Amino acid sequence: MALTQSGPARDGWSSRTAFILAAIGSAVGLGNLVRFPAEAGANGGGAFVVFYILCIVLIGLPVLLSETLIGRHGQAAAPESYRKVAQNSGRSTAWEHVASLGVFSAFVVLSFYCVLGGWVLYYIGTFVADLFTTGVVGGAFEGSTVEEVEGLFPAMISDGVTTSILNLVFLAITLFFVARGVSGGIEKVAVYLMPAFFVLLVGITIYGMFGGAMAQTLDYLFTFEPQKLTGPVMLAAVGQAFFSLSLGVAGMVTYGAYVGRNVNLGVTSGIIATADTTVALLAGLCIFPIVFAAGLSADAGLGLMFQTLPHAFQEIPGGSLLGLAFFVMVGFAALTSSVALLEVPTAWVIDRFRFTRTVASIMVTFFAAIVGVLCALSTGMLSDWHPLGFLPMFEGMGLLDTLDTFTGKITMPVGALLTSIFVGWIANKRLVDAENGLGGALHVFWRFLVCWLCPIALAAILLVGIFPSIVA
């Protein structure tokens, strides 16, 4: 029986464990497996990691709990949940537009996120083909030069037809699970894929302990050098903590709406944040030993996953099988996140227009597919199209990078900032206290964070995102 409030039957999580796995799946994605290692590599390793963990505890977790408690109180799509909290607090219902911004952000992120999911499918197919050709003994891509292996990525993204088709395939897989409902689809993908994801992640990490440069990785990730903790590094860590938990897209508000009253949100939010952080750290322990063992650089940005790692798999025994396992693992994480992103606007359409779930999810997917195909083409045949290039912030960016920057540096930070203000200053304190599951000194500390530290930190992310010269 689903955990829901009394009243009309409403689909929900079948258990607390299902909610936790789904929420972890929502948070864990390409941000953990791609962005965290890349950010750590570009920002001094240990200094970045230590400050990142601190930011998760002091900024990410308070906002995560804030979003979830709004959803649990509202028991509806994100805008309606905000409206109910505002109404029950005697405040203006205009606060629902904060959630509307989150729904918009989720839709936009979904549109280009599935393009990246398509890239992952491409590499899964590439390693499957290579496994049949090379076998499981030698390195991957035998007979290919380094330039040929690293050239797979630019060749792929310049092929608009291939990336568009793969984007649509990944989006269709996402639609399949969302259309089946919360307990019948979204929960199933989390309950089965998240454990499989963790098994693969731990397995590859263990391989790195014995077959990779683990000592060098531990020194790189966990040696704290205070002189490297500069202003830009601290802001990068704050931003990564924010993006790692997928805050500002109304995802946890939406998932929180399916949670019953017998679930302690404070405890479960802590579990979700801990799991998400653990995955980010394991991603570093998984990727860097392989990269360092091949004598390659950790500072490669997005190319770390799609160019440096395939080259690294070329240099190690069993590279084809290990590469396949790695990208399957990444695919699992990407799918659980894309499912959460699609559920946010789908739930809104259901509540707003009273459509069936099937119709609502297909409608959202149709429009996301249009934007997604344009994003896929923007790295190839439409690479000269810079939709917001007249603004300095978006100068020279194609559509995919424009949407990524627009949501990541503007709409998502604004949404999270306003959420912390809403919960900390606007919503009725008794209402919030009844939902958050905290007590004593921990509750006082959380309220201090959500009222003061979170708004300041999120405002800093927003300002630096728009005006990067502030820390230049």
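Residues numbered from 1 in each chain as written. Predicted model: local features only at pLDDT ≥ 70, side-chain atom pairs only at ≥ 80, totals over all residues. Heavy atoms only, no water.

Enquirer: Hey, could you run me through the overall build of the chain in this one?
Expert: When helices and strands are tallied, the chain shows 19 helices and 0 strands. Relative to a compact globule of 472 residues, whose C-alpha radius of gyration would be 23 Å, the chain shows 22 Å and is just as compact. The principal-axis extent of the C-alpha atoms belonging to the chain is close to 70 × 50 × 50 Å. The burial tally for the chain puts 58% of its 472 residues in the buried class. Surface accessibility of the chain: about 17,800 Å² in total, with carbon and sulfur atoms responsible for 68%. (Helix = DSSP H or I, 4+ residues; strand = E, 2+ residues; numbered from the N terminus. Rg over C-alpha atoms; globule rule 2.2 N^0.38 Å. Buried < 20%, exposed > 50% of the residue type's maximum accessible area, 1.4 Å probe, protein only. Areas by Shrake-Rupley, 256 points an atom, 1.4 Å probe, with all protein chains shown as cover.)

Enquirer: Please explain a nonpolar patch on the surface as it appears in this structure.
Expert: A surface patch of nonpolar side chains, about 890 Å² in accessible area, is lined by Trp348, Phe353, Phe355, Val359, Met363, Phe366, Phe367, Ile370, Leu374 and Trp385. Put simply, the parts of the chain that give the nonpolar patch at least two residues each are helix 15 (319-353) and helix 16 (357-377). Of all the elements, helix 16 adds the most residues to the nonpolar patch, at 6 residues. Along the polypeptide, Val359 turns up in helix 16. Judged by its relative accessible area of 43%, Val359 is partly exposed. (Patch = residues over 30% accessible without salt bridge, like charges linked within 9 Å, V, L, I, M, F, W, Y side chains within 5 Å. Salt bridge = Lys/Arg side-chain N within 4 Å of Asp/Glu carboxyl O.)

Enquirer: Is there a simple way to explain helix 19 (residues 440-466) in this structure?
Expert: Every α-helical turn comprises 3.6 residues, leaving residues that sit three or four positions apart pointing alike. The end-to-end C-alpha distance of helix 19 is 38 Å, a good match for the 39 Å that 27 residues give at a rise of 1.5 Å each. Where helix 19 bends most, the angle comes to about 40 degrees, and this point is Leu449. (Expected span 1.5 Å × (residues − 1). Bend = angle between axes of the 7 residues up to and from the residue.)

Enquirer: Is there a simple way to explain the nonpolar core in this structure?
Expert: Most often, soluble globular proteins keep nonpolar side chains buried together rather than apart. Within the largest apolar cluster, 159 residues are counted, with the highest numbers of intra-cluster contacts made by Trp13, Phe313, Phe326 and Phe327. Among the elements that line this core, the one with the most residues is helix 5 (residues 96-134), at 18 residues. (Core = buried A, V, L, I, M, F, W, Y, C linked by side-chain atoms within 4.5 Å.)

Enquirer: How do you make sense of the environment of Gly135 when you look at a structure like this?
Expert: Within the fold, Gly135 resides in the loop between helix 5 and helix 6 (146-150). Separated by 82 residues in the primary sequence, Gly135 and Ile53 place their C-alpha atoms 40 Å from one another. Discounting residues that sit within four places of it in the chain, Gly135 has contacts with Asp130 and Ser320. (Contact = heavy atoms within 4.5 Å.)

Enquirer: Would you explain the environment of Leu458 in this entry?
Expert: Secondary-structure assignment places Leu458 in helix 19. For Leu458, a relative accessible area of 0% puts it in the buried group. When the C-alpha positions of Leu458 and Leu285 are compared, they lie 28 Å apart, and in sequence the two are 173 residues distant. Here Leu458 is in contact with Val63, Phe242, Pro413, Ala416, Leu417 and Ser420, once residues within four sequence places are set aside.

Enquirer: Sorry if this is basic, but what is going on with the packing of helix 1 (residues 16-27) against helix 9 (residues 182-211) here?
Expert: A pair of packed helices can be characterised by two numbers: the angle between their axes and the separation between those axes. The interhelical angle for the contact between helix 1 and helix 9, taken along N-to-C directions, is 70 degrees, at an axis separation of 8 Å. Relative to helix 9, helix 1 is oriented roughly perpendicular. Between helix 1 and helix 9 the crossing geometry is left-handed. Contacts between helix 1 and helix 9 involve Ala18, Leu21, Ala22, Ile24 and Gly25 on the former and, on the latter, Glu187, Ala190, Val191, Met194 and Phe198. By residue class, the composition of the contact of helix 1 with helix 9 is 8 nonpolar, 1 polar and 1 charged. (Axes fitted to C-alpha atoms, helices over the stretch in contact; angles between N-to-C directions. Parallel < 35°, antiparallel > 145°, perpendicular 65-115°, else oblique. Left-handed = near helix turned anticlockwise from the far one by under 90°. Nonpolar A, V, L, I, M, F, W, Y, C, P; charged D, E, K, R; others polar.)

Enquirer: In this structure, what is going on with unusual backbone geometry? I would like to understand it.
Expert: Note on backbone geometry: most residues besides glycine have negative phi, and most peptide bonds are trans. Although it is not a glycine, Ser246 sits at a positive phi angle of roughly 55 degrees. By secondary structure assignment, the location of Ser246 is in the loop between helix 11 (231-244) and helix 12 (251-256). Here the phi dihedral of Arg354 falls at roughly 60 degrees; this positive angle occurs in a residue that is not glycine. For Arg354, the location among the structural elements is in the loop between helix 15 and helix 16. According to the relative accessible area criterion, Arg354 is exposed, its value standing at 68%.

Enquirer: Any chance you could explain the packing of aromatic side chains here in plain terms?
Expert: Ring pairs (aromatic) are described by centroid distance and by the angle formed between their planes. Throughout the structure, instances matching the rule amount to 31 aromatic pairs. Pairing Trp13 with Phe19 gives two aromatic rings, centres 6.3 Å apart and planes at 40 degrees, and the pair type is tilted. When the ring of Phe242 is compared with that of Phe243, the centres are 4.8 Å apart and the planes differ by 65 degrees; the resulting orientation is edge-to-face. Residue Phe242 shares its accessibility class with Phe243, and that shared class is buried. Taken together, Trp119, Tyr122, Tyr123, Phe127, Phe141, Phe153, Phe306, Phe313, Phe326 and Phe327 form an aromatic cluster joined through their ring pairs. It is Arg352 that lies over the ring of Phe353; its NZ or CZ is 5.2 Å from the centre. (Phe/Tyr/Trp six-rings, centres within 6.5 Å; stacked < 30°, edge-to-face > 60°. Lys NZ or Arg CZ within 6 Å of the ring centre and 35° of its normal.)

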